[in-house]
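# Architecture and fold: a report
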Protein chains: 2
Amino acid sequence: MSINNENPIGIFDSGVGGLTVAREIMRNIPNERIVYFGDTARVPYGSKSKNTILKYSRQIIRFLRTQDVKAIVVACNTASAYALEEIRQELDIPIIGVVKPGARVACQATRNKRIGVIGTEATVNSQVYTTFIQKQNKDIQVVGKACPLFVPLVEEGLLKDPVTVEIAGRYLGELLEKDIDTLIMGCTHYPLIRSTIRQIVGEKVTLVNPAYETAKELEALLREKGLASEKPQDGKGDCYRFFVSDAADKFKQFANSILPYDIETTRQINIEEF
Amino acid sequence: MSINNENPIGIFDSGVGGLTVAREIMRNIPNERIVYFGDTARVPYGSKSKNTILKYSRQIIRFLRTQDVKAIVVACNTASAYALEEIRQELDIPIIGVVKPGARVACQATRNKRIGVIGTEATVNSQVYTTFIQKQNKDIQVVGKACPLFVPLVEEGLLKDPVTVEIAGRYLGELLEKDIDTLIMGCTHYPLIRSTIRQIVGEKVTLVNPAYETAKELEALLREKGLASEKPQDGKGDCYRFFVSDAADKFKQFANSILPYDIETTRQINIEEF
């Protein structure tokens, strides 16, 4: 397979959450083509073990390679936490996750050296944000909090609902008591309830969206490797291609509600064959 | 393989929910040995398509057959709705689901011929309860309502929390307006929030727990087929065996919180190999 600059970026997530990363890439690096895979048959990853997530990630990467991707973005915090480092060693194309870019920006943002991280159980238990942050500055204290109800609340569309505000108050209250001044939204679904999170934490806490930081890091990486596309994309035809392991119609509906372009087709594949 | 009366019952579910069915079988048919499989790597089934659920169910049944089960209970409403009828035709041992027993008892319970059914999106969309109920009495009106937040709320342990009461009020309010007098808890997690559901619907609505009705139907079926065990089980040794596709420790913890006996071991298997 020959890699050239017009080849697409491969992005994958356990389901629809990674679309917030795809959205930032479309907005910030509009020249790039995208192949997105959402593992909707096996979502959620957040409560699964490391070995299972590693196995699933390898299958997905084998699939993405069949689409001639020139680089891969792991648009899922759990997979970034559990699988990225091992997979990087098995690949000959660049791969980045959402954790490192988020961690780096949070380190730059904090003034009082107290950073909060919210995410799935798996992401928080992995301590991956803590590890990256303390590699940069060992004096920074990192407080993690798993928020398992946020994903189902987002998927129910209760983005600004009083119930979501109440649950957010409980989850985030603990972090506020620890006096954090920076909060990493360590799950790709969470930027969709950004305004509810903002309402609870107030204006003094800096919210870090790893999706945005990842798009910026990808842009720099493509330039550095001489892989950036120079050809503008218009969101039409096959410049953005979407694949899922189940329920393509439901995915398409969700995608169209958050992406800057309407998706024309989403294809379902049998990911276990890869 | 020879079937004899001391062989175990195979029970499967997408995860921990089916343990409410296992619990009713332990309580009501204490002579029977059990092999339980929870598909914790691929939970939840409630948002997946029919073909995916059929494929998963077939894999699980192939695994259960390796354990010499004499009968199978599909302890998952979604799999009962989408896969049971097709699978029955492929099997030479008895198989029952949770839907038919629940539907039958609801038909007996209703006075005003209005039955509500709550469950996952897949179960409600399948209209499987409606079909079974109207086969028995076409004059009965069935009102379905998907309650996608109930499972994550149960798994967060918020069984009687004000948030669960609030969400239950919204989901069930619609059904109460339709004047139902009987409500089928059409998801195996829901009996764990029975008291919250009772608080919302009041004393006048009959709550049907398909898990209990399924245990009673299984008991009758085993007698009828001459397959009932005469040997009492004590919950010790290998009379109850538990298998999962992921996160065995977490499963064991949940199981021990709801079963009448403590689980000694839960083994993890690779279900995709079956």
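Model, not experiment: these values are computed from the prediction.

All names here are of chain A. Packing of helix α9 (residues 162-177) against helix α10 (residues 194-201) brings their axes to within 9 Å, and their N-to-C directions diverge by 50°. The angle between α9 and α10 falls in the class oblique. Classified by chirality, the crossing of α10 by α9 is right-handed. Taken together, the residues of α10 that come into contact with α9 (itself represented by Thr 164, Val 165, Ala 168, Gly 169, Leu 172 and Leu 176) are Thr 196, Ile 197, Gln 199, Ile 200 and Val 201. Across the contact of α9 with α10, the residue classes tally to seven nonpolar, four polar and no charged.

Moving on: the pattern of salt bridges. In the structure shown here, the tally under the stated rule is 36 salt bridges over all chains. For the salt bridge of A:Lys216 with A:Glu219, the shortest nitrogen-to-oxygen distance reads 3.4 Å. Here A:Glu219 and A:Lys216 lie together in helix α11 (residues 210-224), a separation of three residues that amounts to about one turn. Judged by its relative accessible area of 18%, A:Glu219 falls in the buried class. A salt bridge links B:Arg65 to B:Asp92, with the nearest nitrogen and oxygen atoms 3.0 Å apart. Separated by 27 residues along the polypeptide, B:Arg65 in helix α2 (residues 50-65) and B:Asp92 in the loop between α4 (84-88) and β4 (95-97) bring together distant segments of the chain.

Residue and element names in this part refer to chain B. Turning to helix α10 (residues 194-201), its buried residues number three or more, namely Thr 196, Ile 197 and Val 201. End-on, the buried residues of α10 take up no more than an arc of 125°, which puts them together on one face. Packing partners of the buried residues in α10 comprise β5 (114-119), α9 (162-177), β7 (182-185) and β8 (206-208). Looking at the residues trailing α10, positive phi occurs at Gly 202, about 80°.

This part covers the interface of chain B and chain A. Residue-level contacts link 33 residues of chain B with 33 residues of chain A. Both sides of the chain B and chain A interface together cover about 2200 Å² of buried area, and 46% of this is carbon and sulfur. Applying the counting rule to chain B against chain A returns eight salt bridges. With a closest N to O distance of 3.5 Å, A:Glu121 and B:Lys250 form a salt bridge.

The next thing to look at is the UniProt feature "binding site: substrate" (unreviewed entry) in chain A. Residue and element names in this part refer to chain A. Per the UniProt entry, the sites bearing "binding site: substrate" (unreviewed entry) are Asp 13, Ser 14, Tyr 45, Gly 46, Asn 77, Thr 78, Thr 188 and His 189 in this numbering. The named residues occupy 177 residues along the chain; their greatest pairwise C-alpha distance, 12.6 Å, places them in one compact cluster. Here Ser 14 lies in the loop between β1 (9-13) and α1 (19-28). In this structure, Ser 14 is in contact with Gly 38, Asp 39, Thr 40, Val 43, Tyr 45 and Cys 76, ignoring residues within four places of it in sequence. Positionally, Asn 77 belongs in helix α3 (residues 77-82). For Asn 77, a relative accessible area of 4% gives the class buried.

Quick look at the nonpolar core now. Judged by nonpolar contacts, the single largest core of 120 residues is most densely connected at A:Leu19, A:Leu183, A:Ile197, B:Leu19, B:Leu183 and B:Ile197. Ignoring sequence-local partners within four residues, the contact set of A:Leu183 consists of A:Gly116, A:Val117, A:Ile118, A:Leu172, A:Leu175, A:Ile197, A:Val201, A:Val205, A:Thr206, A:Leu207 and A:Val208.

Next up on the list: the UniProt feature "active site" (unreviewed entry) in chain A. All names here are of chain A. Residues annotated by UniProt as "active site" (unreviewed entry) correspond here to Cys 76 and Cys 187. In three dimensions, the annotated residues from a span of 112 residues occupy one location, with a maximal C-alpha spread of 7.0 Å. Inspection of the secondary structure puts Cys 76 in the loop between β3 (71-74) and α3. Apart from the residues within four sequence positions on either side, Cys 76 is in contact with Phe 12, Asp 13, Ser 14, Tyr 45 and Val 98. Along the chain, Cys 187 turns up in the loop between β7 (182-185) and α10.

On to the sheet that holds strand β10 (residues 266-268) of chain B. All names here are of chain B. With parallel pairing, six strands are arranged side by side in an open sheet as β4-β3-β1-β2-β9-β10. With partners counted over all chains shown, the strands left at the sheet margins are β4 and β10, one partner each. Averaged over all pairs of adjacent strands, the angle between their axes in this sheet comes to 20°, without regard to strand direction. In terms of strand pairing, strand β3 (residues 71-74) meets β4 through three bridges, oriented parallel. Residue pairing in the sheet places Val 74 in a bridge with Gly 97 of β4. Contacting β1 (9-13), β2 (34-38), β3, β4 and β9 (240-244), α2 crosses the sheet at an angle of about 150° to β1. The strands touched by helix α12 (residues 248-258) are β2, β9 and β10; relative to β10, the strand with the most contacts, the crossing angle is about 150°.

Calculation criteria
What you see as residue numbers is a count from 1 along each chain, following the sequence as written. Here the convention is simple: chains get letters from A, ligands get numbers from 1, in the order in which they are written. Per-residue local features are limited, in this predicted model, to residues with pLDDT of at least 70; the limit for side-chain atom pairs, both in listing and counting, is 80 or more; totals at the level of whole chains, interfaces and linings are taken over all residues. Side-chain calculation: all heavy atoms of the structure are included, whereas hydrogens and water are not. Each axis is a line fitted through C-alpha atoms, and for a helix only the stretch in contact is used; angles between axes span 0 to 180 degrees, taken between their N-to-C directions. Strands here are runs of E lasting at least two residues and helices are runs of H or I lasting at least four, both read from the DSSP assignment and numbered beginning at the N terminus. To sort the angles, those under 35 degrees are grouped as roughly parallel, those over 145 as roughly antiparallel, those from 65 to 115 as roughly perpendicular, and the leftovers as oblique. Definitions for this section: a left-handed crossing has its near helix turned counterclockwise from the far helix by less than a right angle. A right-handed crossing has that turn clockwise. Contact between two residues is taken to exist if any of their heavy atoms lie within 4.5 Å; hydrogens are not considered. Side-chain classes are defined by residue name, with Ala, Val, Leu, Ile, Met, Phe, Trp, Tyr, Cys and Pro counting as nonpolar, Asp, Glu, Lys and Arg as charged, and the others, Gly among them, as polar. Whenever a carboxyl oxygen of Asp or Glu lies within 4 Å of a side-chain nitrogen of Lys or Arg, that contact is scored as a salt bridge. A 1.4 Å probe rolled over the protein chains alone gives each residue an accessible area, and that area as a share of the maximum for its type sets the label: buried under 20%, exposed over 50%, partly exposed in between. This arc describes the spread of directions from the helix axis toward the C-beta atoms. When two parts are brought into contact, each loses some accessible area as probed by a 1.4 Å sphere; the total of that loss over both is the buried area. UniProt positions are given in the numbering used here, feature names are shortened, and annotations may be inferred rather than shown by experiment. As used in this record, nonpolar core signifies buried Ala, Val, Leu, Ile, Met, Phe, Trp, Tyr and Cys residues forming a set joined through side-chain atoms within 4.5 Å. Two strands are counted as paired when DSSP detects at least two bridges linking them.

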